[in-house]
Amino acid sequence: MDAEEILAYLADLLLMYLEELKDAKGAGENSFQYGEQTAYTECLEIIQAWKGAEKIGLNFDIETKYPL
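### Some thoughts on the overall build of the protein
Stage number 1. When helices and strands are counted, the protein shows three helices and zero strands.
Stage number 2. Beginning at the N terminus, the succession of helices and strands in the protein can be written as α-α-α.
Stage number 3. Excluding contacts between residues fewer than 6 apart, the proportion of contacts in the protein whose partners are at least 24 apart in sequence is 49%.
Stage number 4. Carbon and sulfur atoms form 53% of the exposed surface of the protein, whose accessible area is close to 4,600 Å².

### Side note on the pattern of salt bridges
Stage number 1. Tallying each qualifying case throughout the model produces two salt bridges.
Stage number 2. A salt bridge links Glu 19 to Lys 22, with the nearest nitrogen and oxygen atoms 3.2 Å apart.
Stage number 3. Taking the relative accessible area as the measure of exposure, Glu 19 reaches 37% and is therefore partly exposed.
Stage number 4. The class for Lys 22 is partly exposed, based on a relative accessible area of 47%.

### Concerning the nonpolar core
Stage number 1. In terms of nonpolar packing, the biggest core is built from 14 residues, with Leu 44, Ile 56 and Leu 58 touching the most fellow members.
Stage number 2. Contributions of two or more residues to this core are made by helix 1 (3-20) and helix 2 (32-48).

### Things to note about the packing of aromatic side chains
Think of a pair of aromatic rings as described by two things: how far the centres are apart, and how the planes are tilted against each other in angle.
Stage number 1. Considering all chains together, one arrives at one aromatic pair under this definition.
Stage number 2. Ring geometry for Tyr 17 against Tyr 40: centres 5.2 Å apart, planes inclined by 40°, an arrangement best described as tilted. Here Tyr 17 is found in helix 1, whereas its partner Tyr 40 is found in helix 2, with 23 residues between them in sequence.
Stage number 3. Judged by its relative accessible area of 18%, Tyr 40 falls in the buried class.
Stage number 4. The residue whose ring lies beneath Lys 65 is Phe 60, and the NZ or CZ to ring-centre distance is 5.1 Å.

Parameters and conventions
What you see as residue numbers is a count from 1 along each chain, following the sequence as written. At least 70 in pLDDT is required for a residue's local features to be given in this predicted model, at least 80 for side-chain atom pairs to be given and counted, and no such filter applies to totals for whole chains, interfaces and linings, which use all residues. Computation of side-chain values: all heavy atoms of the structure, hydrogens and water removed. The secondary structure listing takes helices from DSSP runs of H or I that are at least 4 residues long and strands from runs of E that are at least 2 residues long, numbered from the N terminus. Contacts were defined at the residue level, with two residues in contact if any of their heavy atoms lie within 4.5 Å. Residue-level accessible areas treat just the shown protein chains as cover; the underlying method is Shrake-Rupley with a 1.4 Å probe. Any carboxyl oxygen of Asp or Glu within 4 Å of a side-chain nitrogen of Lys or Arg constitutes a salt bridge here. Burial here depends on accessible area, computed with a 1.4 Å probe over protein chains only, as a share of the maximum for the residue type. Under 20% is buried, over 50% is exposed, and the range in between is partly exposed. Put simply, buried Ala, Val, Leu, Ile, Met, Phe, Trp, Tyr and Cys residues joined by side-chain atoms within 4.5 Å make one nonpolar core. Note on ring pairs: Phe, Tyr and Trp rings are taken, using the six-membered ring of Trp, and paired if centres are within 6.5 Å. Classes follow the plane angle, with under 30 degrees stacked, over 60 edge-to-face and the rest tilted. Whether a charge sits over a ring depends on NZ of Lys or CZ of Arg being within 6 Å of the ring centre and within 35 degrees of the ring normal.

Here it is, written out as structure tokens:
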């Protein structure tokens, strides 16, 4: 795989994990799940800084869709 394919795969994986953790904030901000959600969101925001992010579907405000 080239770099673009790796970033697309990583973004898809992180988005899938965030979908699974949508209700983590309800478990409390000190929970492990909330920490995972925060880390995944931050990773996606870093990938979003890449100029090809829109091409792989990261053309939205991540924290709006997955609020912390």
